[in-house]
Amino acid sequence: MKLKCSKKPAFPWFGMDIGGTLVKLVYFEPKDITAEEEQEEVENLKSIRRYLTSNTAYGKTGVRDVHLELRNLTICGRTGNLHFIRFPTAGMHRFIQMGRDKHFSSLHTTLCATGGGAYKFENDFRTMADLELLKLDELDCLIQGLLYIDSVGFNGHPECYYFENPSDTQNCIKRSCCLDNLFPMLLVNIGSGVSVLAVYSKDNYKRVTGTSLGGGTFLGLCCLLTGCETFEEALEMASKGDSTNVDKLVKDIYGGDYQRFGLQGSAVASSFGHMMSKEKRDSISKEDLARATLVTITNNIGSIARMCAVNEKIERVVFVGNFLRINTVSTKLLAYAMDFWSKGQLRALFLEHEGYFGAVGAFLELLKSSEDA
Amino acid sequence: MALSGGADRGSHSMDKSITLPPDEIFRNLENAKRFAIDIGGSLTKLAYYSTVQHKVAKVRSFDHKAKVSLQETDGDPLYEISVQEEITARLHFIKFENAYIETCLDFIKDHLVNTETKVIKATGGGAHKFKDLIEKKLKLKVDKEDEMTCLIKGCNFVLKNIPHEAFVYARHADSEFRFQNTHPDIFPYLLINIGSGVSIVKVESEDKFERIGGSSIGGGTFWGLGALLTKTKRFDELLQLASKGQHTNVDMLVKDIYGGAYGSLGLTGDLIASSFGKSATTDKEFSKEDMAKSLLHMISNDIGQLACLYAKLHNLTRVYFGGFFIRGHPVTMHTITYSINFFTKGEVQALFLRHEGYLGAIGAFLKGAEEDNPNQYSWGENYAGSSGLMSVSPELNPVQRARSGTFDMLEMDRLERQLVNLPLLQDPTSYIPDTVDLTEDALSRDYWLFCFEDALDGVVKRAVASQKDQPEAVERAEKFRQKYRHKLQTLRHQPFAYGSLTVRSLLDTREHCLNEFNFPDPYSKIKQKENDMALKYYLKVVKSVEELSWEQRQFTLVKGLLAGNVFDWGAKAVSDVLESDPDFGFEQAKQQLQGMKTFKLSHNNDKILNHKLFLTDK
């Protein structure tokens, strides 16, 4: 995918996606700075670069996903590394303050931002740090970002992967693939909430539907049920739990398979269905609850995605979003669900950079716009 | 479904726990046959077929062709009314909590006389758990029937036989319940059954249906998660909490992310972007009510969304919701209605069923009664014996709240003839015979309910008078009064209890109550007297009307029609006058007509009305 940049914007090059729960930041670190350029570089720009690239954690909650770094990327005539940083939206004001403290506004760079927060925090950026945001539509950015990363690849490897033999959860193998013949695809973005898009071409897409049972629900319910505080904790617990103690299965109701309708005894008939009984409530662990929450939310998303794929007559379903970050339970479950319920007609695909595509899309927009700040 | 309040409570004193004596709940047991039972997670529905013997007034006219002209002074009656005993086939359905199963079974066994029946059809998740108990107590073999099959058969039956069975729920409209007319062709439709889990069934014909999908997020999830989050154990309590909560404290809305609406996608700021989204990021405690509400929204919206996806795929516009999750609870019906409306952009409406709790039992019963071929008949609801739609809404007055959830009944009488639409109707589905809808028009409703209550004394007197020779007539008439008054009170608080409320249905209800206590037609003697008189003048009046000019004739006919109706209806003003002046004649009635501007004509049940129009001025 060739990028048309008529005029190179001033550094630093950022792309921001301010979501409901997380802020995703993409930062381009130029590695081809000439001595001349370095001399002319203003102090605060240098300090920003140093701060971002020499740390992998920022404050208490900011994280740089080093494993996702794209190295030696040439873009708009410059070569460098693309860094992926995230922090909770709850820390937004602190971030803006930092921007003020580092005199960001004096850098004359355009700050491209997408996601709901671009609208919600627009005023705060202006009043607190004298920064003007270039607001972009989150779905546009999502798609453009996705297409770009897929085209440049992940440090020589494909960005996209799927699971072979998804029905065998223990032994299913992760396999990479190319997204050639990308279109049409059903794109399911699982963030705090979920958006389902049907993408027909680079510029032709529509939002089919969405659901409010997303990553935010998983985390929110988990925190309430188990007392955990972070996504990582929740996933950790879920990986150790057994949801069949919490959920009521078909066999619990029918004593076996419900043959008439082709429902296996092991299928979940009612999520959390055992929890109305005090005895059962007392016998399950927090890990079981976390697992049940994860499975319930994941299966529901899978169900909706499948129905949409069938209604829109699309065979390829791509799942993105930070709900899937370090979440192999969900990715495998989604792969299985798509395969099973469609009897092999649908395929679930995943991308390594999960939730960062919006930020990448915003970053790309920066390079396209040739305004002189 | 897990059973709550187990049957292990042992022998249960019926008197303490129920508000009605058992023989008023399990009626007509002596001749009961064809039993069926549907045992759910917490409620049991029992069905049986029985016969009821009651009096019916039959009219037989005498042959008058021989007489050339009717003399005014001819004293012979023109027709005869005889009271005969008739047997009506009646279906009984009773709903009660599982805790009472054992005691109810004992009671039935004690009163069952008919020994023909050897089998009881059973369905529902609890059927296999209670199999042994039923077989032991009733000495009947339990024959299990597939739950889905029973549900669909039951659904088809109620949609075809009970008028205004399906309704649309509109929370903020004048009339919350908008009842739907019976469509001659009910197929195809989508049935979403929300029990512990959700089953989505496409029904194409009486025998062709398929479970096309489902969801594990259903009533069991609401109950289970609700119990975990709020420490509330009872389902109804959870619903009550939900009705008082503010979900916006717990859910992340579009405006929480965008600071407003997501305009380009048409997503308003108040839409839920992430259910329970705020519970991850804030430290504070959430109230039980708020969490319950969020949970209700989350589940209802999810089910609604899936329903829409399936409806779209199969091109279905009729979507019915059933299952214990709904139980006529306003908040649930509202959230589901909203969800369907949202996801189909208003193209499809969520439909609910008045008798959704009974579908399984009805279906199981029909499976067992296949020999009798119940579908070839038409069936009508017996208002006297049916408890009507009971909501578990917290706004219910305390009396009814105690009652609901204990015992609920539905009775269906087999009609003599199969009902068909009048072939002359241009569009049977849109035809509404009633000019006033009392479920919508509160003022008229108050007027008519009061009217009927006020007239009750008079009716009771007439009833007693019509059976002067029978000693217990007074007692029965009193029971009739209690029963009908109770019905009127129920309708005052819940106008939608039996579907659309109309003057016609109030009359039907009265008739059913009268029949209950063996008063087939208290007015029969009076009607006979008046009809005799009217018929004698008939030929004369027809002749005199024919001699009028065309225009005059139309006026006379219309005035006569109106006056006759006023006369017959016993509208309050007229009945007051009649009480005070028994000789009030037709002319006077016509004169009174000038003052009655707002009166509207309605349907009349009496077969001989038209003849009365031509009463002369005597």
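Described below are features of the structure shown in this document. Residues take numbers from 1 onward in each chain, read along the sequence in its written order. Chains and ligands are labelled by the order in which they are written, letters from A for the one and numbers from 1 for the other. In keeping with the predicted nature of the model, local features appear solely for residues at pLDDT of at least 70, side-chain atom pairs appear and are counted solely at 80 or more, and the whole-chain, interface and lining totals rest on all residues. The basis for the side-chain values is all heavy atoms of the structure; hydrogens and waters are excluded.

### As for the sheet that holds strand S13 (residues 318–322) of chain B
Residues and elements named next belong to chain B.
Alright, step 1. The strand order across the open sheet formed by 7 strands is S7-S6-S14-S13-S8-S9-S10, and the pairing between neighbours is mixed. Of all strands in the sheet, those bounded by a partner on one side alone are strand S7 (177–179) and strand S10 (209–215). Put simply, the sheet's adjacent strands are angled 35 degrees from each other on average, direction ignored.
Alright, step 2. Two strands pair when backbone bridges link them, and strand S6 (residues 166–169) and strand S14 (residues 349–353) are joined in this way by 2 bridges, in the antiparallel orientation. Looking across to S14, one finds that phenylalanine 167 is bridged to phenylalanine 352.
Alright, step 3. For this analysis, residues touch if any pair of their heavy atoms sits within 4.5 Å. In this analysis, axes come from line fits to C-alpha atoms, helices being fitted only over the stretch in contact, and the angle between any two N-to-C directions falls in the range 0 to 180 degrees. Secondary structure follows DSSP: runs of H or I at least 4 residues long count as helices, runs of E at least 2 residues long count as strands, and numbering of each begins at the N terminus. Sitting on the sheet, helix H5 (residues 147–161) touches S6, strand S8 (189–194), strand S9 (198–203), S10, S13 and S14, and the angle it makes with S8 is about 125 degrees. What makes two strands pair is DSSP finding at least two bridges between them.

### Quick notes on the pattern of salt bridges
Alright, step 1. One speaks of a salt bridge when a side-chain nitrogen belonging to Lys or Arg is within 4 Å of a carboxyl oxygen belonging to Asp or Glu. Taken as a whole and assessed by the stated rule, the structure comprises 40 salt bridges over all chains.
Alright, step 2. With a shortest N-O distance of 3.0 Å, Arg78(A) and Glu37(A) are connected by a salt bridge. Within this pair, whereas Arg78(A) is found in strand S6 (residues 78–88), its partner Glu37(A) is found in helix H1 (residues 35–40), the two being separated by 41 residues in sequence.
Alright, step 3. Look at Glu37(A) and you get partly exposed, because its relative accessible area is 24%.
Alright, step 4. Here Glu478(B) and Arg481(B) are joined by a salt bridge, their closest N and O atoms 3.0 Å apart. Of this pair, Glu478(B) and Arg481(B) both sit in helix H15 (residues 473–493), 3 residues apart, which is roughly one turn of the helix.
Alright, step 5. Any residue under 20% of the maximum accessible area for its type is buried, any over 50% is exposed, and the rest in between are partly exposed; the area is computed with a 1.4 Å probe on protein chains only. For Arg481(B), a relative accessible area of 15% puts it in the buried group.
Alright, step 6. It is possible to trace a salt-bridge network through shared partners that takes in Arg27(B), Arg90(B), Glu411(B), Asp413(B) and Glu516(B).

### Brief notes about the pairing of strand S12 (residues 194–199) of chain A
Residue and element names in this part refer to chain A.
Alright, step 1. Across the 6 residues of S12, 6 count as buried, placing the element largely inside the fold.
Alright, step 2. Taking every second residue as pointing to the same face, both faces of S12 are buried, with Val194, Val196 and Ala198 on one and Ser195, Leu197 and Val199 on the other.
Alright, step 3. Sheet topology note: the S12/strand S13 (residues 205–211) ladder contains 6 bridges and is antiparallel. Across the sheet, the residue bridging to valine 194 is threonine 211, located in S13.
Alright, step 4. Between S12 and the antiparallel strand that follows it, S13, lie 5 residues.

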